[in-house]
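The chain contents come next:
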Number of protein chains: 2
Amino acid sequence: MAKSFQLTLLGTSAAVPYKNRYLAGQVLMVGNQSFLIDCGEATQFRFKDWGIKTSKIEQIFISHLHGDHCFGIFGVLTSMAMMGREHPLSIYTPKGLEEMVTAVFKATYYSSPFPIHFFEIEPTGLTTQNAPIFENKNLTVHAVPLNHRIPTVGYVFREKPSLRNIRPEKIAELNLSFDDIRAVKSGADFTNTEGVVFPNAELTIDPTPPRSFAYCSDTAFEPSIAPFIKSVDLLYHEATFMQNMAEHAQKVGHSTAEEAAQIAKMAGVGRLIIGHYSSRYDDLLPLLAEAKNVFENTVLGIDGEMYSV
Amino acid sequence: MAKSFQLTLLGTSAAVPYKNRYLAGQVLMVGNQSFLIDCGEATQFRFKDWGIKTSKIEQIFISHLHGDHCFGIFGVLTSMAMMGREHPLSIYTPKGLEEMVTAVFKATYYSSPFPIHFFEIEPTGLTTQNAPIFENKNLTVHAVPLNHRIPTVGYVFREKPSLRNIRPEKIAELNLSFDDIRAVKSGADFTNTEGVVFPNAELTIDPTPPRSFAYCSDTAFEPSIAPFIKSVDLLYHEATFMQNMAEHAQKVGHSTAEEAAQIAKMAGVGRLIIGHYSSRYDDLLPLLAEAKNVFENTVLGIDGEMYSV
């Protein structure tokens, strides 16, 4: 069975909490690994609400240093320690978070019992040709320069292509060695000792296609984002306002639901999740309708919902 | 009608949130004024949950700079601004909070649109003879040195004695001037133009007795607290553990439920509220029973509950 590739939204409100909508934060789970993306105040409360295990988080990605995206970091880090964490944590973030965390730790007489490594991302000058900012055996993460009032980056998570799945019965039938299996999974044909060739297509089935997710929040409408997030299966794009507030949205570095859908369409993504709603909107269905009008495969981001690819 | 004197608990968990128990924070409402005492992460979420209006808060009192008592301050301050606050705010706190808030504001490109005044309280050397750290026309607030791992203060709120209540019918009957009324409310007899003396007791009724509340968290068992909080109507005293963990409690600068009750008894308070429970206790009734065994008029602190004097 293919491993899971699942996004859980922890908060979908912009700027201030609103009713059941908490502040920015989401967890991407890929198999046994969890990636935390943004960390608004009360993120650790959401971990408890939705059963997120912080022990599985080894990387945190922060988009920008407005409080609604990062004020939860102090509680997350100190609570990880109280739960006995010893293994290291890496945080990818625009400049400033390390200084802030250091100052808060100092004032609160705190020192982390586990190593925290900060990696500063500078959005200026990033291109689609840049190397990943993070990579492990399963996936890569690239940074995307967003268009907000302060340095802000989005993140694109792309699985690496899997090896082909070998048909289990062929292993015994052809008496394949470990080396043979490795070669066949990589796409090679197999030739037995009598010189008979078994084409790869007879021995294997297609692997799960690599899956991908992009996080774009906060940002004004910015078409230059599209090539960075091209064809991702799942895109979370902020939709703070509706289109009748497009001018205001532009001025404050935010997008409308329609603009989020335009980006989804330009980038040819599979599915769009909108979120980061202004607290002026109690009913979100008009935002959904506006987005769907441009990009049909749009869903509302809802706190606590999980979205699988 | 006497004005309200009411405490609302925002969070009763120690160190980490536990189920419905949030982190340290409470609001004392005296008439139209609200005082925020401690400010754990997600305090602003509790304001929304329990309908607390931040516009009525002009003073915040922080006991100490462990994260579970102060990590909510960033969200409270920035959300106050987003709600249009312009009037000043005063924060009474042990040293370090201003530096921390300044560093966080700087890193997050934020400057407060309303003035924030920090008043540093140094617990060492405080005596019962110290002047109040805050005073307005209705009440005084005194600081109490607590016994925790880092500099920590409790706070005692005491109403000033009210003027006597004049019997309304006497004003017309004796044709009292404003000056007469002021004198009578202060306790004077009244002598009319014919030289007839009307004793004060005939003209007035007793005012509401001054009410008082003390906040003591976090602290190890510390009998020297008792004279500072003598005879308060309501005492909130931490009870992180039960008595079978007294040795551990002492070591980490916390109290047991029994010890909280002993302090209440020594100080001769009216009613004790226990709180700041370790997340090891799911059922709190054993803590209540332990405390009541020493001090009968004890109640469990519960998130969202209001306690009136």
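Everything that follows concerns the structure shown earlier in this document.
The structure presented is a predicted model; accordingly, all values stated were derived computationally and were not measured.

Cut-offs applied
- Residues numbered from 1 in each chain as written.
- Chains lettered and ligands numbered in written order.
- Predicted model: local features only at pLDDT ≥ 70, side-chain atom pairs only at ≥ 80, totals over all residues.
- Heavy atoms only, no water.
- Helix = DSSP H or I, 4+ residues; strand = E, 2+ residues; numbered from the N terminus.
- Buried < 20%, exposed > 50% of the residue type's maximum accessible area, 1.4 Å probe, protein only.
- Contact = heavy atoms within 4.5 Å.
- Areas by Shrake-Rupley, 256 points an atom, 1.4 Å probe, with all protein chains shown as cover.
- Lys, Arg positive; Asp, Glu negative; His and termini not counted.
- Charge placed at Lys NZ, Arg CZ, Asp CG, Glu CD.
- Phe/Tyr/Trp six-rings, centres within 6.5 Å; stacked < 30°, edge-to-face > 60°.
- Lys NZ or Arg CZ within 6 Å of the ring centre and 35° of its normal.
- Pairing = 2+ DSSP bridges.
- Axes fitted to C-alpha atoms, helices over the stretch in contact; angles between N-to-C directions.
- Buried area = accessible area lost by both parts, 1.4 Å probe.
- Nonpolar A, V, L, I, M, F, W, Y, C, P; charged D, E, K, R; others polar.

1. Remarks on the overall build of chain A
Alright, step 1. Scanning chain A from N- to C-terminus turns up 10 helices and 18 strands.
Alright, step 2. Buried residues in chain A amount to 56% of all 309 residues.
Alright, step 3. In chain A, of all internal contacts separated by at least 6 residues, the share reaching a separation of at least 24 is 66%.
Alright, step 4. Accessible surface computed for chain A: about 13000 Å², of which carbon and sulfur atoms make up 53%.
Alright, step 5. Distance between charge centroids for chain A: 3 Å, based on 26 positive and 33 negative side chains.

2. A closer look at the packing of aromatic side chains
Alright, step 1. Counted by the stated rule, this structure contains 31 aromatic pairs over all chains.
Alright, step 2. On the numbers, 4.5 Å between centres and 45 degrees between planes, the contact of F45(A) with Y22(B) is tilted. With F45(A) in helix α1 (residues 43–50) and Y22(B) in the loop between β1 (5–11) and β2 (25–30), this pair bridges two chains.
Alright, step 3. Relative to Y236(A), the ring of Y215(A) has its centre 5.5 Å away and its plane inclined at 10 degrees; by these criteria the two rings are stacked. Of this pair, Y215(A) sits in strand β14 (residues 212–216) while Y236(A) sits in strand β15 (residues 234–238); the two residues are 21 residues apart in sequence, bridging distant segments of the chain. An identical accessibility class is assigned to Y215(A) and Y236(A); each is buried.
Alright, step 4. One aromatic cluster in this structure is built from F35(A), F61(A), Y92(A), F119(A), F134(A), Y155(A), F157(A) and F213(A).
Alright, step 5. The ring centre of Y22(A) lies 3.5 Å from the NZ or CZ of R46(A), which sits over that ring.

3. Some words on unusual backbone geometry
Alright, step 1. Residue D218(A) is reached from S217(A) by a cis peptide bond, and omega for that bond is 5 degrees.
Alright, step 2. The residue D218(A) is located in the loop between β14 and β15 in this model.
Alright, step 3. Despite not being glycine, H276(A) has its phi angle at roughly 60 degrees, a positive value.
Alright, step 4. Within the secondary structure, H276(A) sits in the loop between β16 (271–275) and α10 (285–292).
Alright, step 5. Here H276(A) falls in the buried class, since its relative accessible area comes to 3%.
Alright, step 6. The backbone of A42(B) sits at a positive phi, close to 80 degrees, despite the residue not being glycine.
Alright, step 7. Mapped onto the fold, A42(B) is located in the loop between β3 (33–39) and α1 (43–50).

4. A closer look at the sheet that holds strand β8 (residues 139–145) of chain B
All names here are of chain B.
Alright, step 1. Judged by pairing direction, the sheet is mixed, and its seven strands sit side by side in the order β7-β8-β9-β14-β15-β16-β17 without closing on themselves. Taken across any chain shown, the strands that pair with only one partner, and hence form the sheet edges, are β7 (134–135) and β17 (298–300).
Alright, step 2. Judged from the four bridges that link them, strand β9 (residues 153–159) and strand β14 (residues 212–216) form a sheet pairing that is antiparallel. Along β14, the bridge assignment pairs R158 with S212.
Alright, step 3. Packing against the sheet, helix α10 (residues 285–294) makes contact with β16 (271–275) and β17, and its axis sits at approximately 170 degrees to β17.

5. As for the interface of chain A and chain B
Alright, step 1. Counting residues at the interface gives 31 residues for chain A and 30 residues for chain B.
Alright, step 2. Here chain A meets chain B over a buried area of about 2700 Å², counting both sides, of which 72% is carbon and sulfur.
Alright, step 3. Secondary-structure elements contributing two or more residues to the side of chain A that touches chain B are α1, α3 (73–82) and α4 (97–107) of chain A.
Alright, step 4. It is α3(A) that provides the largest number of residues to the side of chain A that touches chain B, a total of five residues.
Alright, step 5. Looking at the side of chain A that touches chain B residue by residue, the class counts come to 19 nonpolar, nine polar and three charged.

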